[in-house]
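What the coordinates show
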Amino acid sequence: MSRSYSAALVAMAAVTLTSAPAMAETTVLTASSPWQMDNGADSCSLKRGFGTPDNPALLEIERLGPGDRFYPTITGRAFNGLAESSNLVLKTGPDGAKPIADRFTVADAPIEGGGKLTALIFSATTWNGFTQDDQAPAPVTPEREAAITSLIVSWSDKAVQLGTGSLGKAMAAMRECTDRLVRSWGLDPAQQAGLSAHPVPKSSPDTWIAANSYPFGADNRHRPGLTRARLLVDASGTVSGCTVVDNYGDAAFAAAACEQMASKAAFSPALDQAGKPVASYYQASIRWKVRRPMKQVGQRRR
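Reference entry: report on the structure contained in this document. Since this is a predicted model, take the numbers as computed values, not measurements.

Here the focus is the pattern of salt bridges. Tallying each qualifying case throughout the model produces four salt bridges. For Asp-42, the salt bridge is made with Arg-230, and the minimal N-O distance between the two is 3.5 Å. Of this pair, Asp-42 sits in the loop between β3 (36–39) and β4 (44–51) while Arg-230 sits in strand β13 (residues 225–233), and the two are 188 residues apart along the sequence. Of the charged contacts, one joins Lys-116 and Asp-108 as a salt bridge, the two residues approaching to 3.6 Å between their closest N and O atoms. On the basis of relative accessible area, Asp-108 is assigned to the partly exposed category, the value being 39%.

Here is the structure:
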């Protein structure tokens, strides 16, 4: 689905900005709204506003299913002018020691009145970071979630810190939402949580989308885009369904993504605790760029 941001987010209650002594050039934005849970048909999203009407920001934490992985998106006027080539990282506070994400897509987020903010759409990660050198991050515990009190976006000599407060209760609500989500797909949340193996692609996901597949007729500005999709994989490893969860860019991106992935993707099926093949799902993201091979990212980092 396409994303737009209401002027209501820009008009949220003003708060005073303060400086964070631990970081130079840091703008601290405190919460201007309570957490809002979006119990969608395809994903679970926690959203919260920060900042002032003159310097608004929106945090979205989205999960496409159970587990530790989530997609953070941070939108704000403070990021206007940033490009994907910017050396930018996302960290958690209060420690702020280790980045949890460093790959992102830049997109425009229109607001009412004709203005726009810049959205930083980060790749999938966990509260303990992402896989590096084939080393998976440690499992995330409720204690780890409760200990996080802020998110910090830093680049060059600048940083924006969102004062989230403890994430313990918010992430507990997220787990309840993802269990409901799995049931809506006809799957058993307990079985999916106890899988001994998840679906594994039989071919590189990079080959599922042809390098020349950018739908030129869709967006004559030839801007980059991002599509996230969920593939349902049956007990034989065949794709039984494809649903676009998020689409940042022209609607033609979404149609092209499912058409090609559903016909080209094949898997070794998921296995339950007894080693029996069972139905499950696979999350995929596609970055659309003109005249460059599109990178398809599933349950791993490039």
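A few words on the sheet that holds β4. The sheet built from six strands is open, its strands ordered β3-β4-β5-β6-β9-β8 with antiparallel pairing. Strand pairing shows two members of the sheet lacking a second neighbour, β3 and β8 (104–110), which therefore form its edges. Averaged over all pairs of adjacent strands, the angle between strand axes in this sheet comes to 20°, irrespective of strand direction. Pairing of β3 with β4, which is carried by four bridges, proceeds in the antiparallel orientation. Considered in β4, the bridge of Met-37 is made with Leu-46. Here helix α3 (residues 168–184) sits on the sheet in contact with β3, β4 and β5 (56–63), set at roughly 150° to β4.

Parameters at a glance
- Each chain carries its own residue numbering, running from 1 in the written order of its sequence.
- Predicted model: local features are reported for residues with pLDDT of at least 70 only, side-chain atom pairs are reported and counted for 80 or more only, and whole-chain, interface and lining totals are derived from all residues.
- As a rule here, side-chain values come from all non-hydrogen atoms in the structure, and water together with hydrogens is ignored.
- Any Lys or Arg side-chain nitrogen located within 4 Å of an Asp or Glu carboxyl oxygen qualifies as a salt bridge.
- Elements are defined by DSSP. Helices are runs of H or I of four residues or more, strands are runs of E of two residues or more, and each kind is numbered from the N terminus.
- Throughout this description, buried means an accessible area under 20% of the type-specific maximum (1.4 Å probe, protein chains only), exposed means over 50%, and partly exposed covers the range between.
- Two strands pair under a simple rule: DSSP has to find at least two bridges between them.
- Where helices are involved, their axes are fitted lines through C-alpha atoms of the stretch in contact, as for all axes, and angles between N-to-C directions lie from 0 to 180°.
- Should any heavy atoms of two residues lie within 4.5 Å, those residues are counted as being in contact.

The analysis is restricted to geometry; functional conclusions fall outside its scope.
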